[in-house]
Amino acid sequence: MAVGDGLVDAADATALKAERRLHGDKVHPLIVIADQKWRSRQPPQKLLGLDLLTEWLAARCGLDYFHIDPLKIDFTGVAEVMSSAYAARFGILPVQVTTREVVIATAEPHVREWEGELRQILRKDIRRVMANPEDIARYLVEFFNLAKSVKKAAAKGEITSGLSSFEQLVELGKTNRQYDANDQHIVHIVDWLWQYAFDQRASDIHIEPRRDIGIVRFRIDGVLHQVYQIPMAVMNAMTSRIKLLGRMDVIEKRRPQDGRIKTRTPGGQEVELRLSTLPTAFGEKLVMRIFDPEVLVRDFRSLGFSQEDQARWQQMTTTPNGIVLVTGPTGSGKTTTLYTTLKQLATPEVNVCTIEDPIEMVESAFNQMQVNNAIELGFADGVRALMRQDPDIIMIGEIRDLETAEMAIQAALTGHLVLSTLHTNDAPSAITRLLDLGVPAYLINSTLLGIMAQRLVRTLCPHCKKSAPITEEERAAWRMLVHPWKAAEPASVYHAVGCLECRMTGYSGRIGVYEILLNSPEVRRQIRPDAEIARVRDQAFREGTRPLRVSGALKVAQGLTTIEELIKQVPPAEDS
């Protein structure tokens, strides 16, 4: 059929048939073809991967193609449709159950004897779909095993859910003894959760108690997606195990706690998880922030810096002494930018010290210290201590008050490069924030090297993004973004479409948008006790500082993101 449809060369197919006779028929034919790494003979000559071949065969057989996304399947529900032995016997997998029908995925479209049997037993319509044979083989084992773990863990939890005893919870986290069956089920569920969070590029995992059920959500590219519903008893046991691994107080559920766990991905890559618990109306909520180990080795270009942005940023950060500020809301990528910068600055010739709350990622090239309010070690005290450690570069996690700001200025005046963060909407607003804290204007003028504001926007999926001529509505939005700048209007813009690679969102990954203000002599003249932020902003723009929205508009013109995403994530200038 593949030869007849013009996908595969006839000579290649004949050679493969002869080779297949020698090796037997244990491997699915589509897997055999995919392993050849052939390209389709039909334009645009795509690589004949397993998903593409399965989709082609599904259309040939009059079936829908179904991509198995484990985050969108209620594995406890589908596992009740049939036994794992029955599913394995026919190589089928239930993927969706409604009140009227059951959707069954198969990789063998001509094997149908199970269809009549299931229709009689289940008394529901059966709809067959085609799925990747490797996915069916993998999830056939994982779904049934996970459903079994949840069921057995819930059964134990129902018996003891009212007790929640100290002994029961501690038993879940002991790693120096053989688990009994129920303990191992919780271990299995937690391992599954982490594995799929890593696979889906999640940045955060939320485990949230509700009145009758626990909700699991993943934040992917800045957007939360609900992925699982778990019985409350199971969720409580999962939370307890994770707290124990993070060296947190398991029996304390009345106050917030913090912890951290270091683990490995299935590929062997180290990943750090930062844990945070919060008491809520229905129980203890747990959030795990996943720190990408590749963050510290990324270059500025991959973070979204243009050549001009990088030159201006390096002009500030390679100066021997002074203060460099990065501003933006929580989750705008400030820490990633600072860690990438420090990683490049931390040569054997310099001493890089940080004071953070908490330490986001442990890096051996820095000397990192964590704020500890229990012993009254705040940012200002930390900087005071670091000053006696012969530092060259100091990174302060955040300037929150006048005392910390004064210590940062003192460090800069005594010959150190200080990097820190503030929470403001744009770069010029950081100057008024420092003045509001009580920092004298003359000290800002003498120490501030520059300010960078940033935001993260989702990038278009390269596999499915589609270009189209710019519409009148998009043209009006573009002019609003770049006003009063005279940025050239693009003839066409890209739109989000959605495909299997991006989980039908149209976006894959995020990139930074930057506004970099250099504290030039002309800008310094505008920094006075009664400084007008509009004048500072106008002077900065005259000297080449691009506003956040203009920087984002240039990324729209390059086909990296969309106008809608930019308007959603990046605010206009405060006085515009």
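A brief report on the enclosed structure follows. Within any chain, residue numbers begin from 1 and follow the written order of that chain's sequence. Given that this is a predicted model, residues contribute local features only at a pLDDT of at least 70 and side-chain atom pairs are listed and counted only at 80 or more, while totals for whole chains, interfaces and linings are drawn from all residues. Side-chain measures were taken over the full set of non-hydrogen atoms in the model, leaving aside hydrogen atoms and water.

Residues belong to a common nonpolar core when they are buried Ala, Val, Leu, Ile, Met, Phe, Trp, Tyr or Cys residues joined through side-chain atoms within 4.5 Å. Relative accessibility decides the category of a residue: with a 1.4 Å probe and only protein chains considered, values under 20% of the type maximum give buried, values over 50% give exposed, and everything between is partly exposed. Of all hydrophobic cores here, the largest spans 66 residues; its most connected members are Ile205 and Phe218. A run of H or I in DSSP becomes a helix once it reaches four residues, and a run of E becomes a strand once it reaches two; helices and strands are each numbered from the N terminus. Broken down by element, the residue count for this core peaks at 10 residues, all from helix α7 (residues 133–160). Each domain's extent is set by a domain assignment, obtained either automatically or from a database. Both of domain 2 (70–152) and domain 3 (163–291) provide at least three residues apiece to this core. Contact partners of Phe218, with chain neighbours within four places excluded, come to Leu71, Leu193, Tyr196, Ala197, Ala202, Asp204, Ile205, Val223, Leu224, His225 and Val227. By size, the runner-up hydrophobic cluster in this structure holds 53 residues, among which are Leu434, Val457, Val493 and Val523. By definition in these notes, contact holds between two residues if any of their heavy atoms fall within 4.5 Å.

Moving on: the sheet that holds strand β9 (residues 270–280). Strands are labelled as partners when DSSP assigns at least two bridges between them. Pairing is antiparallel across the open sheet formed by 6 strands, whose spatial order is β7-β6-β5-β10-β9-β8. What marks the edges here is a single partner per strand, and that holds for β7 (223–231) and β8 (257–264). The average angle at which neighbouring strand axes cross in this sheet is 20°, direction not considered. Alignment of β9 against strand β10 (residues 283–291), held across 9 bridges, turns out to be antiparallel. Within β10, the residue paired with Ser276 across the bridge is Val287. Against the sheet, helix α10 (residues 232–245) makes contact with β5 (202–209), β6 (213–220), β7, β8, β9 and β10, and its axis sits at roughly 115° relative to β7, the strand it touches most. Under this scheme, a helix contributes an axis fitted over its contacting stretch, all axes are lines through C-alpha atoms, and angles between N-to-C directions fall in the 0 to 180 degree range.

A few words now on the environment of Thr505. Relative to the helices and strands, Thr505 is located in the loop between β18 (492–495) and β19 (507–518). Along the primary structure Thr505 and Cys461 are separated by 44 residues, whereas in three dimensions their C-alpha atoms are 8.4 Å apart. Not counting residues within four places of it along the chain, the set of residues in contact with Thr505 comprises His225, Ala496 and Gly498. N or O atoms closer than or at 3.5 Å make up a polar contact, with two conditions inside protein: a donor-capable atom paired with an acceptor-capable one, and, for residues adjacent in sequence, both atoms drawn from side chains. Side-chain polar atoms of Thr505 contact the backbone oxygen of Cys502, separated by 2.7 Å.

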